[in-house]
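The chain contents come next:
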Amino acid sequence: MGFEGIGASVRRKEDLRFLSGNGNYTDDINRPGQLYAVMRRSDRPHAKINGIDTAAASKAPGVVAIFTGADMAKDEIGGLPCGWQIHNKDGSPMAEPPHPVLAIGKVRHVGDPVAVVIAETKQQARDAAELIAIDYHDLPSISSTPDAIAAGAPLVHDELGSNICYDWHIGDKAVVDAAFAGAAHVVKLDLVNNRLVPNAMEPRAAIGDYDTSSGDYTLYTTSQNPHVIRLLMGAFVLHIPENKLRVVAPDVGGGFGSKIYHYAEEAIVTWASAKVRRPVKWTADRTESFMSDAHGRDHVSTAEMAVAADGKFLGLRIHTLANMGAYLSTFAPAVPTYLYATLLAGVYTTPVIYCEVKAVFTHTVPVDAYRGAGRPEATFLLERLVDCIAQDTGIDRVELRRKNFIPSNAFPYQTPVALQYDSGDYQTTLKVALANADWDGFEARRAEAKSRGKLRGIGISTYLEACGIAPSAVVGSLGARAGLYEVANIRVHPTGSVTVFTGTHSHGQGHETTLAQLVCDQLGVPLSQVDVVHGDTAKIPFGMGTYGSRSLAVGGSAMVKAMDKIIAKGKKIAAHLMEASVEDIEFANNTFTVAGTDKSKTLTDISLAAYVPHNYPIDEIEPGLDETAFYDPKNFTFPGGCHIAEVEIDPETGVTTVINFTAVDDVGRVVNPMIVEGQIQGGVAQGIGQALLEAAIYDKSGQLLSGSMMDYTMPRADNLPNFNVATENTMCTHNPLGSKGCGEVGAIGSPPAIMNAVIDALKDYGVRHIDMPATGPKLWSIIQAGQTKMAAE
Amino acid sequence: MYDFTYQKPASLADAASILSGDADAKALAGGMTYIPVLKQRLAKPSAIVDLSGLGLSGITVAGGTVTIGAMTTHGTVANSAEVKAAIPALAALAGGIGDEAVRHRGTIGGSLANNDPAACYPSAVLALGATITTNKRAIAADDYFQGMFTTALEEGEIITSVSFPVPERAAYEKFRNPASRYAIVGVFVAKFATGARVAVTGASQSGVFRHAGMEAALSANFSPDATAGVTTEADNMNGDIHASAEYRAHLVGVVTKRAVAKA
Amino acid sequence: MPQVTLTVNGKQHTVEVEGRTLLVELLREKLGLTGTHVGCDTSQCGACVVHVDGVSAKSCTMLAVQANGTSVTTIEGLAAADGTLHPMQEMFREHHALQCGFCTPGMVMSAIDLVNSNPAGLTEKEIREGLEGNLCRCTGYHNIVKAIAAAAPLMHAK
């Protein structure tokens, strides 16, 4: 056995089944007697439902049942709950309109489910769904974020009297206004953070399976957090106690946030399986995913920085309008507030910050956290603003950043927006990134590109994010309706092999390997004898799931605590067996030793004794070697770093090609470098997608124009370069592993680096800002306008 | 997909008779466009008539003409040594349609019968002045394309082969839709002893079209520089979230210039 | 109902299907070969790619009846009988070319076809362009490209 512990790039344990077609995704599961559900969804953005006629559909071949919102209401089924409550500036709670599982009275976005057809085959269900006649009375709708607060805007929820979900702020406005009053420069920027569709490759699916003999329900679902789904659906929607409800999230084909939330279809199939007394399966097709998976981003902001004559940032003032869509998705309210505004200090010493956020309802798919969630929005705003400051003041953009960095000796560092950073070294990540990207050699490359008729630009972003979500008491005080600790159960079997039961969930992150490496490291058990189990509420004590780059920092820390307990108990057993005092027992390399002697027992000796307690301190301790720990983090973690992009623009078409991308990130302790690099590469690809390719575009009438992969531009292999990825790590100071998290950094740091490079490439065309995505036609228009202007001058 | 009856006739006559006898029956070639249409329930044929059993595949080169059987796949055309030698631009065009898996099943006959305004093949057929042979007659390219998704084919008429005259020089250049990878603008340029022919796909609301201005300029001087100053009206161009009419009109010039440079 | 006879991973099957049944539905639902995935409904993503008579095909864009008489290979049929992985599978593992695993079967099947049809070898650019029909949302493709480049000489050496 080679080195398999912390720091080893061991190959992934889960790969064999994925590579041989033996993965077990939700749609791969079939239950005996299973029926198929198809949703009949609204094809209009806003309409009153006058009536739903299911008579013809009910008679269609194979149809077993058809249900509407009225049927669910009869069973007193609750609405889909929201897990986070934000308070308005005046202290009143946010507006929280009902979110019926199946539409009641009105539809509020294209894709809003109105009825479900359950039939013997999926095609029969689909055939019948078309036969449902819905009598709609169309109503005016709004699809663009700013339109939501325009005078006379149609209301998404009549009872609210406006489309405002909340009007929230952070910081002291008067203090910030005062900083602006005395500033040498005030630099202002209006910007949009484009709406995105997560598009995990596996479409969502759910199977409800009601056991008629026991009355137990099982839900198989494409979820990042099965325990959260059990809690939300059981307690708030279907009123099923936890002991009667099992939620299984088997292999899940990517999530990126979109599979955190409790969705209508999960409740529908679970409830319907009891109604029809047979299992019910629903699988989204991609078109359905576009109109029913929560979207991401969608901010419209104005940012202003007060800057001293020497370039020091004096104060930051932000106004943001955030789109919630038609209903509140599970964690939506937290995204543009505590995951966004608290990040606005970034890596800088800006002493005072004020941010106000209005969240609004529109007739669009609900918006919630998507890879990075709030932090990409904050980073894009800040890093674009810093480049504008450099442009407006004439200070070099790298020098400006250096000048305002929080120094590495200033930690712990209290920001003016609530967070306290524990560690970081922004000068180092910057320095290494500049070297890795050959920043100094760029002008020669620009000139060479120019000789080929191409416009070359280089862009930088120095960023920070908060993850390792999250200290329960802190988030509770901010409106979270859940704790955000994590749970681990470590089971050392009688013969010394180990099973880890973790409350985190792997949907691509490689936990079956990374978390097993923690066991190799701490208990000295070979990787081949460690298995990681996740994704099943019947097997795992509890857990909050995977998002917010929390699995290692929080879930891994819970494992460390549980293994500490294993070792502590093992020492007692070893002391008994070797007739020594517990204080004299040391544990290392899978072996308990009596200090200063050659007397030792392996972990297997101890576990065998624990399960076959013939010679055992039975009066002192219980048999078995199986420990559980709950770990509640003391703080967030703060990964950060520097991303540098180099692009070329074809002035004839406006098309941008990413030539080089360099990332130097600080993610704390790295357990598996290969996996960390993969996470960063994937995140960067999504960031480049946001910057250059992707946009969820609604037309004025509320239809999603980019509603399939024919029109929504997913990054492909030939859109991307090889990535130059490295880490320069400082340790997290408050968790036992020192790990910070790596899942989101790529998607957070990269969009502004790309956009700053695009704008740098176009610097001769009088460009100050371009909203994402920087598509060919958009840049071509800018180049055309610039050429016209230059010709006129 | 709505259900249908599936038929795989063994002769052209049988295929034609099924299609003529049932207005709701539809021919299926490679299915790369039509199966997605069926999956979206945008069509409800009574019967699908699979043309793959009719022996319509194959490539022959003779007497300055390349003849390609209607059921010949894009992949076969792309990799054909004969086509590469005679009209390399045609092989290159076929090799750029869709992706590898699509090219293994998509056919030239299917592409032409469908006449998707963003398809590649129509531009080659029109620019090369090809002849489309059916079970009933031969149709000149200039008479064949009649607007988006519309052709001279009659009910029950089945394309059997397409014959391309070999030009002196030719090239195809495509600016792709970033999402679907179909042509936003595709231009096929061909130089014959009699002059240049230029066909544009993807751009126009009327489907593939010959570009008179470019043809005049390139007939006089078949060089990239000759395209400078030749404009394309935006009025009749398509506009969508990926490219406005103005952008498409502009791209026609850029793509034509690049095609000529490649020829 | 039409009957389809085809060979899948070396084993012959005769299956009753509807005219509208897709090849991927036959594989997943009738034969239980759930390694082949469906990631979109517009033939864009390539999660469903299998080999039909030795070359790649999108099994979501092919009727089951069209596969009558063909020989189909799916991801389940790649490894040797003793479980030895195909070099492409092995290199995907070695180079961490998969994360969630959902696109992986189609990606591997496409990659094998790409290498088979380029016996002279492939540049990085050719690999990237050759993956036009396959989407991956996790990896950013970096490691997929590396894995294919590493697998190509191993496959040609065989």
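Residues numbered from 1 in each chain as written. Chains lettered and ligands numbered in written order. Predicted model: local features only at pLDDT ≥ 70, side-chain atom pairs only at ≥ 80, totals over all residues. Heavy atoms only, no water.

1. A look at the overall build of chain C
For the record, the criterion: Strands are runs of DSSP state E lasting at least 2 residues, helices are runs of H or I lasting at least 4, and numbering of each runs from the N terminus. What the globule rule says is 2.2 Å times the number of residues to the power 0.38, and the radius of gyration is computed from C-alpha atoms. Here, two residues are considered to be in contact whenever any of their heavy atoms come within 4.5 Å of each other.
Counting its secondary structure elements, chain C contains 5 helices and 5 strands. Going from the N terminus to the C terminus, chain C shows its helices and strands as β-β-α-β-β-β-α-α-α-α. For 158 residues, the compact-globule formula gives about 15 Å, and the C-alpha radius of gyration of chain C, at 15 Å, lands near that figure. With respect to the three principal axes, the spread of C-alpha positions in chain C is 45 × 35 × 25 Å. Within chain C, counting contacts between residues at least 6 apart in sequence, those at least 24 apart form 58% of the total.

2. A look at the interface of chain A and chain C
Operational definition: Buried area, as used here, totals the accessible surface that two parts lose on assembly, with accessibility defined by a 1.4 Å probe and the loss added over both. We define a salt bridge as a contact between a side-chain nitrogen of Lys or Arg and a carboxyl oxygen of Asp or Glu at a distance within 4 Å. Any pair of nitrogen or oxygen atoms within 3.5 Å is treated as a polar contact; in protein, a donor-acceptor pairing is required on top of that, and neighbouring residues in sequence qualify only through side-chain atoms on both sides.
Contacts between chain A and chain C engage 52 residues on the former and 46 residues on the latter. The three residues of chain A that bury the most area against chain C are A:L19, A:M201 and A:R716, which together make up 18% of that side's buried surface. In this assembly, chain A and chain C are joined by 5 salt bridges. The closest approach of N and O atoms between A:E694 and C:R137, which form a salt bridge, is 2.8 Å. On inspection of chain A and its partner chain C, the count reaches 31 residue pairs in polar contact (both at pLDDT 80 or more). Listed by contribution, the elements that provide at least two residues to the side of chain A that touches chain C are α1 (15–19), α4 (122–129), α8 (286–292) and α17 (673–693) of chain A. The dominant element in the side of chain A that touches chain C, judged by the number of residues it contributes, is α17(A), at 8 residues.

3. Overview of the pattern of salt bridges
Opposite charge on two side chains makes pairing possible when the charged atoms of those side chains draw close. Residues and elements named next belong to chain A. For clarity, the cut-off: Partly exposed describes any residue whose relative accessible area lies between the buried limit of under 20% and the exposed limit of over 50%, with all areas from a 1.4 Å probe on protein chains only and scaled to the type maximum.
The final tally for this structure, using the stated rule, is 72 salt bridges over all chains. With its nearest N and O atoms 2.7 Å apart, the salt bridge here joins R317 to D177. On the criterion of sequence distance, the pair formed by R317 in strand β14 (residues 313–325) and D177 in helix α5 (residues 173–181) is long-range, its members being 140 residues apart. For D177, a relative accessible area of 26% corresponds to the partly exposed category. Connected through shared salt-bridge partners, D438, R445, E448, R452, R456, E646 and E648 make up one network.

4. Points about the environment of A:V655
Along the polypeptide, A:V655 turns up in the loop between β26 (640–649) and β27 (656–666). With 124 residues separating them in the primary sequence, A:V655 and A:L779 have C-alpha atoms 7.3 Å apart. Setting aside residues no more than four positions away along its own chain, A:V655 makes contact with A:E648, A:I649, A:D650, A:G776, B:F175 and B:Y247.

5. Description of the environment of A:R397
Residues and elements named next belong to chain A. Secondary-structure assignment places R397 in helix α10 (residues 397–404). In the structure, R397 is positioned 11 residues away from V386 in sequence and 7.4 Å away in space, judged by C-alpha atoms. Setting aside anything within four residues of it in sequence, one finds R397 in contact with D387, A390, W439, I458, G459, N756 and D760. Here D760 takes part through its side chain, which lies 3.5 Å from a polar atom of the side chain of R397.

6. Points about the pairing of strand β18 (residues 455–464) of chain A
For a regular strand, the rule is simple: side chains alternate between the two faces of the sheet. With respect to burial, β18(A) is a largely interior element, 10 of its 10 residues being buried. Side-chain alternation along β18(A) places A:L455, A:G457, A:G459, A:S461 and A:Y463 on one buried face and A:R456, A:I458, A:I460, A:T462 and A:L464 on a second face that is also buried.

7. So, the confidence of the model for chain C
As a reminder, the rule being used: As a per-residue quantity, pLDDT reports the predictor's confidence and falls between 0 and 100.
For chain C, mean pLDDT is 97; residues scoring 70 or higher make up 100% of the total. Across the whole predicted complex the pTM is 0.97, and at the interface the ipTM reaches 0.98.

8. As for a nonpolar patch on the surface
Residue and element names in this part refer to chain A. Short version of the rule: Like-charged residues are merged into a patch within 9 Å and nonpolar side chains (Val, Leu, Ile, Met, Phe, Trp, Tyr) within 5 Å, provided each residue has over 30% relative accessible area and no salt bridge. For the accessible areas, the method is Shrake-Rupley and the probe is 1.4 Å, while residue cover comes only from the protein chains on display.
A grouping of L608, Y611 and V612 is seen on the molecular surface, where their side chains present a nonpolar patch of about 230 Å² in accessible area. Assignment of secondary structure puts L608 in helix α16 (residues 603–611). On the accessibility criterion, L608 (43% relative accessible area) is partly exposed.

9. A few points about the sheet that holds β14(A)
Residues and elements named next belong to chain A. Heads up, the rule is: The pairing criterion for strands is at least two bridges between them, as found by DSSP. Axis angles are defined between N-to-C directions and span 0 to 180 degrees, where every axis is a line fitted to C-alpha atoms and, for a helix, only to the segment in contact.
With respect to topology, 5 strands assemble into an open sheet ordered β7-β15-β14-β13-β8, the strand pairing being mixed. Each edge of the open sheet is held by one strand with a lone partner, namely β7 (164–170) and β8 (185–193). When the angles between neighbouring strand axes are averaged without regard to direction, this sheet yields 10°. In the sheet, β8 pairs with strand β13 (residues 299–307) via 9 bridges, with the strands oriented antiparallel. Bridging from a neighbouring strand, L191 pairs with S301 of β13.

10. Quick notes on the sheet that holds strand β5 (residues 71–73) of chain C
All names here are of chain C. If you walk across this open sheet you meet the 5 strands as β2-β1-β5-β3-β4, and the pairing is mixed. If you trace the sheet from one side to the other, it starts and ends with β2 (11–16) and β4 (55–58), each paired once. Averaged over all pairs of adjacent strands, the angle between their axes in this sheet comes to 40°, without regard to strand direction. As paired elements, strand β3 (residues 49–52) and β5 share 2 bridges and run antiparallel to each other. When the sheet's bridge partners are listed, V52 is paired in β5 with V72. Along the sheet, helix α1 (residues 23–30) contacts β1 (3–8), β2, β3 and β5; its crossing angle with β1, the most-contacted strand, is approximately 75°.

11. So, α17(A)
Every α-helix carries 3.6 residues per turn, so stepping three or four residues along brings you back to the same face. Residues and elements named next belong to chain A. Heads up, the condition is: Given a helix with a known number of residues, its expected span is that number minus one, times 1.5 Å.
Here α17 spans 29 Å end to end across 21 residues, near enough to the 30 Å set by a 1.5 Å rise per residue. Counting buried positions along α17 gives 19 out of 21 residues, so the element sits mostly inside the fold. The opening residue of α17, the one whose side-chain oxygen lies 3.0 Å from the backbone nitrogen of M674, is N672.

12. Some points on the side chain of A:T283
Residues and elements named next belong to chain A. On the secondary structure map, T283 appears in strand β12 (residues 280–283). At 2.6 Å, the side chain of T283 forms a polar contact with the side chain of D27. Once residues lying within four places of it in the same chain are set aside, the contact partners of T283 are D27, K122, R204, A205 and E288.

13. Some details on the packing of helix α19 (residues 776–792) of chain A against helix α11 (residues 245–262) of chain B
The criterion, for reference: Orientation labels follow simple angle bins: below 35 degrees gives roughly parallel, above 145 gives roughly antiparallel, 65 to 115 gives roughly perpendicular, and whatever is left gives oblique. Side-chain classes follow a simple rule in which Ala, Val, Leu, Ile, Met, Phe, Trp, Tyr, Cys and Pro form the nonpolar group, Asp, Glu, Lys and Arg form the charged group, and the remainder, Gly included, forms the polar group.
The geometry of α19(A) relative to α11(B) is characterised by a closest axis approach of 11 Å and an angle of 80° between their N-to-C directions. In terms of orientation, α19(A) and α11(B) fall into the roughly perpendicular class. Residues A:G776, A:P777 and A:W780 of α19(A) form the contact with α11(B), whose participating residues are B:E246, B:Y247 and B:H250. Residues belonging to the contact of α19(A) with α11(B) are distributed by class as follows: 3 nonpolar, 2 polar and 1 charged.

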